[in-house]
Amino acid sequence: MKTTDVREDIPLLKDVIYLDAASTTPTPRPVVEAMCDYFYNYNANTGRGAYHLTVKATHKLDEARNRIAKFVNSDPNEIIFTKNTTEAINMVAHGLEFKKGDNIITSNMEHHSNLVPWLKLQKQGVEVKIVKADEQGIIDPGAIEKAADENTRLITISHISNSIGSVQPVDEISEVAENKGIFCLVDAAQSAGHTELDLKKLRAEFVAFPGHKGFLGPVGTGFLYCASQAQDQMEPLNLGGGTVDNVTEEDFQLAESPTCFEGGTQNIAGFIGLGEAMNYLERIGISKIEKHSKKLTRIMYQEIQDIEKVRVYGSPENIYGIVSFNIDKINPHDLAKILDEVKSICVRSGFHCAMPSIRHMGAYEFGGTVRASVHYYNTQEEIEILGETLKDVSKFLG
């Protein structure tokens, strides 16, 4: 599929320049149609009956799980449906048993979703060790290794920073964890659907995924990859309907994964849509997506960097999919609003739920940054329009 084909499948792109993929991506027609097919033709609960509608719904949901598992190279039983990345991370934070004296290693480049749940564990006597990034927002695996000791229970890291787009060496970090016998969690919120993720090669026990960002899936969907060898260490949190094989008045027997982790009625239409999104990405080709996004990231970085009074964060050799920047003396929210009003350019502004990262990069005093982020549906012409508009704004306000 070409970029033009994808743009045809996303009607809203006719009216705006959408540069906010890091927050959420617009949903292509085939994904929406797969969800509508459920609502129109077999809108029944899964695993709740023997009649043909519920049998079809159950089959379609299983089919979606299988597609997702194949896309990330895992076993379907290792895919636990969630409503987003945040829920997936919290499942690990509250599902693993942490005791007083344990420690967790993370970084100062994390989204709040991969920091706040760990900070909360400090109330239980769990130490949280924060490894600092360098001036380009990159974490040194050696610093992770140095911080690890016999009490380290988990190393958790974002694959790509959502604040500035810096790519972290997650392969090396997961290798450190494996060599030391420590669990590893990777937050793939900004890499999923943008670059190939082979979970067997990554070797992390837990990987948290969103459905509504790079995967081009619907909002309210995501999943946690929980490696089979780690499942018996995880305590299901949402017990009740669908999570058990047997119940008496005295006790209950949990079902096997992933069923035991997915209590209650799922977002059936959403996950069927997410399964279709995997098919859609395969039709495009993940290597084409990655090549296209890398090209646009380089162009966008250069376009913005060349503007007078602009500060761009991160290194052009390391960032991917995201360019964060500020223009002197202009609040990020004001600049984002101007871009929207003048040229219908949609960008994110503020702290991006990553305040420690923003502080580390020296952007806190600006009120955060303006963040432009791309996907396969974006074009070089759109990036050039962004650059020209920013030049005009800089001159006008300068």
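Above: the structure in question.
To start, this report covers the structure provided alongside it. All of these numbers come straight from a predicted model, not from anything done at the bench. (Residues numbered from 1 in each chain as written. Predicted model: local features only at pLDDT ≥ 70, side-chain atom pairs only at ≥ 80, totals over all residues. Heavy atoms only, no water.)

### A word on the overall build of the chain
So, point 1. Within the chain, the secondary structure is distributed over 13 helices and 15 strands.
So, point 2. Expected size for 398 residues packed as a compact globule is a radius of gyration near 21 Å; at 22 Å, the chain falls within 12% of this value.
So, point 3. Seen through its principal axes, the chain has C-alpha atoms that stretch 75 × 55 × 30 Å.
So, point 4. In the chain, which comprises 398 residues, the proportion classed as buried is 57%.
So, point 5. Of all intrachain contacts in the chain linking residues separated by at least 6 positions in sequence, the fraction that spans at least 24 positions is 69%.
So, point 6. Carbon and sulfur atoms make up 47% of the accessible area of the chain, which totals about 17,200 Å².
So, point 7. Side chains of the chain carry 40 positive and 55 negative charges; the gap between the two charge centres is 4 Å. (Helix = DSSP H or I, 4+ residues; strand = E, 2+ residues; numbered from the N terminus. Rg over C-alpha atoms; globule rule 2.2 N^0.38 Å. Buried < 20%, exposed > 50% of the residue type's maximum accessible area, 1.4 Å probe, protein only. Contact = heavy atoms within 4.5 Å. Areas by Shrake-Rupley, 256 points an atom, 1.4 Å probe, with all protein chains shown as cover. Lys, Arg positive; Asp, Glu negative; His and termini not counted. Charge placed at Lys NZ, Arg CZ, Asp CG, Glu CD.)

### Quick notes on the pattern of salt bridges
So, point 1. Under the definition given, this model contains 15 salt bridges.
So, point 2. Note that Asp20 and Arg371 form a salt bridge whose closest N and O atoms lie 3.6 Å from each other. Of the two residues, Asp20 is situated in the loop between β1 (17-18) and α2 (29-41) and Arg371 in strand β15 (residues 369-373); the sequence distance between them amounts to 351 residues. As far as the burial class goes, Asp20 and Arg371 line up, both buried.
So, point 3. Put simply, Lys83 and Glu87 hold a salt bridge, and the shortest N to O gap is 3.5 Å.
So, point 4. The class of Glu87 is partly exposed, set by a relative accessible area of 27%.
So, point 5. When salt bridges that share partners are traced, they join Lys60, Glu63, Arg67, Glu276 and Arg283 into one network. (Salt bridge = Lys/Arg side-chain N within 4 Å of Asp/Glu carboxyl O.)

### So, the packing of aromatic side chains
What characterises a pair of aromatic rings is the spacing of the ring centres plus the angle enclosed by the ring planes.
So, point 1. Taken as a whole and judged by the stated rule, the model has eleven aromatic pairs.
So, point 2. Aromatic side chains Phe351 and Tyr364 sit 4.9 Å apart centroid to centroid with 20 degrees between the ring planes, which places their arrangement in the stacked category. Residue Phe351 is located in the loop between β14 (348-350) and α12 (355-360), and its partner Tyr364 is located in the loop between α12 and β15; the two are separated by 13 residues in the primary sequence.
So, point 3. Classification of Phe351 by relative accessible area gives partly exposed; the value is 25%.
So, point 4. Among the aromatic side chains, those forming a connected cluster through ring pairs are Phe71, Phe209, Phe215 and Phe223.
So, point 5. Above the plane of the ring of Phe98 lies Arg153, whose end atom (NZ or CZ) is 6.0 Å from the centre.
So, point 6. Above the ring of Tyr364, the side-chain terminus of Arg359 is found at 4.3 Å from the ring centroid. (Phe/Tyr/Trp six-rings, centres within 6.5 Å; stacked < 30°, edge-to-face > 60°. Lys NZ or Arg CZ within 6 Å of the ring centre and 35° of its normal.)

### Points about the sheet that holds strand β6 (residues 183-187)
So, point 1. Strand order in the open sheet made by the seven strands is β2-β8-β7-β6-β5-β3-β4, with mixed pairing throughout. In this open sheet, the two strands that pair with only one neighbour each are β2 (79-82) and β4 (127-131). Neighbouring strand axes in the sheet, compared pairwise and without regard to direction, differ in orientation by 20 degrees on average.
So, point 2. Relative to strand β8 (residues 222-226), β2 runs antiparallel, the two sharing four bridges. (Pairing = 2+ DSSP bridges. Axes fitted to C-alpha atoms, helices over the stretch in contact; angles between N-to-C directions.)

### Comments concerning the sheet that holds strand β12 (residues 322-327)
In a beta sheet, neighbouring strands are held together by backbone hydrogen bonds and run either parallel or antiparallel to one another.
So, point 1. Strand order in the open sheet formed by four strands is β11-β12-β15-β14, with antiparallel pairing between adjacent strands. A strand with exactly one partner marks an edge of an open sheet, and here the two such strands are β11 (310-313) and β14. Each adjacent strand pair in this sheet contributes to an overall mean axis angle of 30 degrees, direction not counted.
So, point 2. Judged from the four bridges that link them, β12 and β15 form a sheet pairing that is antiparallel. Paired with Ser324 across the strands is Arg371, a residue of β15.
So, point 3. Taken strand by strand, helix α11 (residues 332-343) contacts β12, β14 and β15, and its axis lies near 160 degrees from that of β14.

### Thoughts on the pairing of strand β7 (residues 206-210)
So, point 1. Of all five residues in β7, five are buried; the element is thus mostly enclosed.
So, point 2. Burial of β7 is two-sided: the residues Phe206, Ala208 and Pro210 facing one way and the residues Val207 and Phe209 facing the other way are all buried.
So, point 3. By the bridge criterion, three bridges tie β6 to β7 in an arrangement that is parallel. Following the sheet pairing, Val186 is matched in β7 by Val207.
So, point 4. One ladder, built from five bridges, connects β7 with β8; its direction is antiparallel. From the neighbouring strand, Phe209 faces β8, where its bridge partner is Phe223.

### Considerations on the packing of α2 against helix α9 (residues 268-284)
So, point 1. Where α2 meets α9, the axes come as close as 8 Å, and the angle between the chain directions of the two elements is 145 degrees. α2 and α9 meet at a crossing whose hand is right-handed. Within the contact between the two elements, α2 uses Pro30, Val31, Ala34, Met35, Tyr38 and Phe39 and α9 uses Ile268, Ala269, Gly270, Ile272, Gly273, Glu276, Ala277, Tyr280 and Arg283.
So, point 2. Residues of the contact of α2 with α9, tallied by class, amount to eleven nonpolar, two polar and two charged. (Left-handed = near helix turned anticlockwise from the far one by under 90°. Nonpolar A, V, L, I, M, F, W, Y, C, P; charged D, E, K, R; others polar.)

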